[in-house]
Every structure is written in C-alpha cells, then in structure tokens.
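# Examination of the molecular architecture
Letter by letter, the chains look like this.
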Amino acid sequence: MNFLELTKERYSVRKFSDREVEQEKIDKILEAAKNAPTATNAQPQRIYIIQNESMEKLKECTTCTFGANMAILVCYNKDESWKRDKFDGEDSGILDAAIVGTHIMLEIVEQGLGSTWVGYFDPEKIVELFDIPENIIPKALFPLGYPAEDSEPSERHFKRKNIEEIVKYI
C-alpha cells in the first residue's frame, strides 16, 4: 500500500473477530518495531506480546481490549534511553516508545489487521501482573487482530483540521 493511503485508511479498530493472527504477521510487525528509529539508536524499546490466558490478566489493567485475542505492550528501558542532560534532562524513552508504537500500528494495517492505540491502562498493575522489571516503563498498548465484519471507523476519524490550522511556516 502507498504510505499516504495507509495513513488515510488506518482507523482505530474497536471490534475484533475471533480469528487468530498468523505468526508470520506478528513477526513482520515486530520487525517494523525493531527498525524504528530511536534517539542515538539506543533501542530502549521493550515489547511484550500478550495473548491466551494473559489477555484475562490484561482486562484487570484496562477496559480497552475490545474483544481482541492478543495485544502488544510497548515499553522502554529507562536505563538505556537517551537523556537530554545538557539542557532539561528529558528522557527520550517516551518519544522512542511512541515512534516504535507508530511503526507497529502502521505495520498492523499493512498486514491486513486492525488495532487502536490505547493509553488508558494502569501501568502499575501491568508491571505487577506481568512481572515487568521496574526499569521497564509501559507506554502504549495495542489490542490487535482481524477487524470484525461490522467494524468501522468512528465518526470523528474523518474529521481532520485543514493543513493551515496545524502548520505554521516560520
């Protein structure tokens, strides 16, 4: 698919079929995540594939699984992420996780699957239930799978601001 087509066609899927996702498709999604750029190429991303009985545990952390039978949790290792120490100490791990998440989200669509970017989850509960080390920070969750036959974009999906409202040449 053409990249601009992909960005226009992608929508937040909130209703999934029970069809299992093939391992080859998961592998391609993970390859896209691995190839995502990160600050100083530190590659602090840590990715957890949540499936099977672990999906029930995930439901204790968020109400936003939308019937998916698997999810991808994107985290970053705060001990490895680049810090902007010379100026304000900002931790690039948050941005790195967002870039990785974007690669994941777009590759999901490229594979004929659907997802939605979920930020509504209890990170402390995720760390506890999935025994995630304290230096690994959960940032984004992607329930994924084949969209249900009656899945459709929300009304808000097609409402985009004009380019003049979001871009300023300086």
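All values reported here derive from a predicted model rather than from experimental measurement.

### Remarks on helix α2 (residues 23-34)
Its 12 residues give α2 an end-to-end C-alpha distance of 16 Å, which sits within 8% of 16 Å, the value for a rise of 1.5 Å per residue. Looking only at α2, the buried set comprises Lys 25, Ile 26, Ile 29, Ala 32 and Ala 33. Seen along its axis, α2 keeps its buried residues to an arc of 120 degrees; they face one direction. In this fold, the buried residues of α2 make contact with β1 (45-51), β2 (70-77), α4 (93-110) and β6 (136-145).

### Description of the environment of Val 100
Mapped onto the elements, Val 100 comes out in helix α4. Judged by its relative accessible area of 0%, Val 100 falls in the buried class. On a C-alpha basis, the gap between Val 100 and His 157 in space is 22 Å, while along the polypeptide they are 57 residues apart. Excluding residues that lie within four positions of it along the chain, Val 100 makes contacts with Ala 33, Ala 36, Thr 38, Gln 45, Ile 47 and Val 74.

### What to know about the nonpolar core
Buried together is how nonpolar side chains tend to be arranged in soluble globular proteins. Formed by 18 residues in total, the largest nonpolar core has its most connected members in Ile 29, Ile 72, Val 74, Ile 104, Leu 113, Phe 142 and Leu 144. Contributing elements (two or more residues each) for this core: α2, β2, α4 and β6. If you tally residues by element for this core, the top one is α4, at 5 residues. With near-sequence residues (within four places) excluded, Ile 29 lies in contact with Ile 72, Ile 104, Glu 107, Ile 108, Gln 111, Leu 113 and Leu 144. Core analysis: the second largest hydrophobic core is formed by 16 residues, Cys 61, Cys 75, Phe 121 and Leu 129 among them.

What counts, and at which threshold
- Residues numbered from 1 in each chain as written.
- Predicted model: local features only at pLDDT ≥ 70, side-chain atom pairs only at ≥ 80, totals over all residues.
- Heavy atoms only, no water.
- Helix = DSSP H or I, 4+ residues; strand = E, 2+ residues; numbered from the N terminus.
- Expected span 1.5 Å × (residues − 1).
- Buried < 20%, exposed > 50% of the residue type's maximum accessible area, 1.4 Å probe, protein only.
- Arc of directions from axis to C-beta.
- Contact = heavy atoms within 4.5 Å.
- Core = buried A, V, L, I, M, F, W, Y, C linked by side-chain atoms within 4.5 Å.

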